[in-house]
Amino acid sequence: MSDHRRLGFIAGAVLLPLAVAGCSGLNRSAVGTISYTTPDSKVVTVSNPSVTGCHPLPRGGAAAVANNTLIDMWLYPGAGCTGKPSMYNATTMTNTVTPPLVAWRSYTLVH
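Predicted, not measured: the structure shown is a model, and the values here were computed from it.

### Observations regarding the state of the cysteines
- Applying the stated rule across the entire model yields 1 disulfide.
- Across the disulfide from C54 sits C81; the S-S distance is 2.0 Å. The S-S bond linking C54 to C81 shows a torsion near 95°; that makes this disulfide right-handed. With C54 in strand 3 (residues 54-56) and C81 in the loop between strand 5 (73-76) and strand 6 (87-89), this pair connects stretches of sequence that are 27 residues apart.

### Quick word on the sheet that holds strand 5
- The strand order across the open sheet built from 4 strands is 3-8-5-6, with neighbouring strands paired in antiparallel fashion. Edge strands, defined here as strands with exactly one partner in the open sheet, are strand 3 and strand 6. Across the sheet, the axes of successive neighbouring strands diverge by a mean angle of 30°, strand direction being ignored.
- Note that strand 3 and strand 8 (residues 106-109) share 3 bridges and pair antiparallel. From the neighbouring strand, H55 faces strand 8, where its bridge partner is Y107.

The rules behind these values
Residues numbered from 1 in each chain as written. Predicted model: local features only at pLDDT ≥ 70, side-chain atom pairs only at ≥ 80, totals over all residues. Heavy atoms only, no water. Disulfide = S-S within 2.5 Å. Helix = DSSP H or I, 4+ residues; strand = E, 2+ residues; numbered from the N terminus. Pairing = 2+ DSSP bridges. Axes fitted to C-alpha atoms, helices over the stretch in contact; angles between N-to-C directions.

Printed below as a string of structure tokens:
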């Protein structure tokens, strides 16, 4: 094997993992579903939500949220992922609103 060819293989072996790591953050999704129950008892399921950004819940919010993804999430009482108390909801766990809070209004995924 020539030296040029060997150097080409070595350069490719070094650069390929760097290229893959650089692109891994693009359009990442949480694997699984997030299901929530609205205050009027409708169940809504979201499949493979994006791990970036704030996810608003529909008008009226959610009375219960089940995280069936492979990553954890934060629930917020305010729109735009604001407000206190926020709640950490681990993977495969369900969180139900208790008084005086009326509903969760948004969530973010931990990444």
